[in-house]
Amino acid sequence: MTNTLMENVQRPKPSNYLILAIFTTVCCCIIPGVVSIVYAAKVNEAYAQGNYDAAERASKNAKTWAFVGIGIAALFLLIYIAIFGFAIVGGILSGSDF
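Worth saying up front: this structure is predicted, and the values here are computed from it rather than measured.

Quick notes on the rules
Residues numbered from 1 in each chain as written. Predicted model: local features only at pLDDT ≥ 70, side-chain atom pairs only at ≥ 80, totals over all residues. Heavy atoms only, no water. Helix = DSSP H or I, 4+ residues; strand = E, 2+ residues; numbered from the N terminus. Expected span 1.5 Å × (residues − 1). Buried < 20%, exposed > 50% of the residue type's maximum accessible area, 1.4 Å probe, protein only. Salt bridge = Lys/Arg side-chain N within 4 Å of Asp/Glu carboxyl O. Disulfide = S-S within 2.5 Å. Core = buried A, V, L, I, M, F, W, Y, C linked by side-chain atoms within 4.5 Å. Contact = heavy atoms within 4.5 Å. Phe/Tyr/Trp six-rings, centres within 6.5 Å; stacked < 30°, edge-to-face > 60°.

Q: Summarise helix H4 (residues 52-94); cite the residues concerned and give the values.
A: With 43 residues, H4 extends 63 Å from end C-alpha to end C-alpha; this agrees with the ideal 63 Å at 1.5 Å per step. If you check which residues of H4 are buried, you get Tyr52, Ala54, Ala55, Ala58, Ser59, Ala62, Ala66 and Gly69. Once H4 ends, the next one or two residues include Gly95, with phi positive near 70°.

Q: For the pattern of salt bridges, give the residues involved together with the corresponding values.
A: Using the criterion set out here, one finds two salt bridges in the structure. The partner of Arg11 in a salt bridge is Asp53, with the nearest N and O atoms 2.9 Å apart. Here Arg11 is found in the loop between helix H1 (2-8) and helix H2 (18-28), whereas its partner Asp53 is found in helix H4, with 42 residues between them in sequence. You can call Arg11 partly exposed: its relative accessible area is 33%. You can call Asp53 partly exposed: its relative accessible area is 42%. Two residues, Glu56 and Arg11, come together in a salt bridge whose shortest N-O distance is 3.2 Å. Placement of Glu56 in helix H4 and of Arg11 in the loop between H1 and H2 is noted, with a sequence separation of 45 residues between them. Among the charged side chains, a network of salt bridges with common partners joins Arg11, Asp53 and Glu56.

Q: Before we move on, could you go through the state of the cysteines and cite the residues and values that matter?
A: Scanning the model with the defined rule gives zero disulfides in all. No disulfide involves Cys28; its sulfur sits 5.9 Å from that of Cys27, the nearest cysteine. Summary of cysteine pairing: Cys29 is not part of a disulfide, and the nearest cysteine sulfur, belonging to Cys28, is at 7.9 Å.

Q: So, the nonpolar core: which residues are in play, and what are the values?
A: Listed in full, the five residues of the largest apolar core are Ala46, Tyr47, Tyr52, Ala54 and Ala55. At the level of elements, helix H3 (30-48) and H4 are the ones that each hand at least two residues to this core. Not counting chain neighbours up to four residues away, the residues in contact with Tyr52 comprise Val9, Gln10, Arg11 and Tyr47.

Q: Just give me the short version of the packing of aromatic side chains, but keep the residues and values in it.
A: This structure, assessed with the given rule, holds two aromatic pairs. Ring geometry for Tyr47 versus Tyr52: centroids 5.3 Å apart, planes at 55°, classification tilted. In this structure Tyr47 comes out as buried when scored by relative accessible area, which is 15%. Seen from their ring centres, Tyr80 and Phe84 are 4.7 Å apart, and the 55° between their planes marks the pair as tilted. Here Phe84 and Tyr80 lie together in helix H4, a separation of four residues that amounts to about one turn. In this structure Phe84 comes out as partly exposed when scored by relative accessible area, which is 44%.

Rendered as structure tokens:
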């Protein structure tokens, strides 16, 4: 009887990270952002159906994919800064007049 009582208790809704997913899509990296948005939508759907474990998995996946997109964008930004930073520093240090 305790088991049926535990099943009827509604767990708190996990975060869907939709804002983070949209930010990732618009500002960082499109493909991981779209994947994150899809998982964020699955959070609400699974929670509404009472499938709390699937909602939590989708929440974790949405967060992971959003951070993957942010990480990819940060990596490309660092590479961009390094390439152009070295070029600017090299130009300054060469001391040639243009």
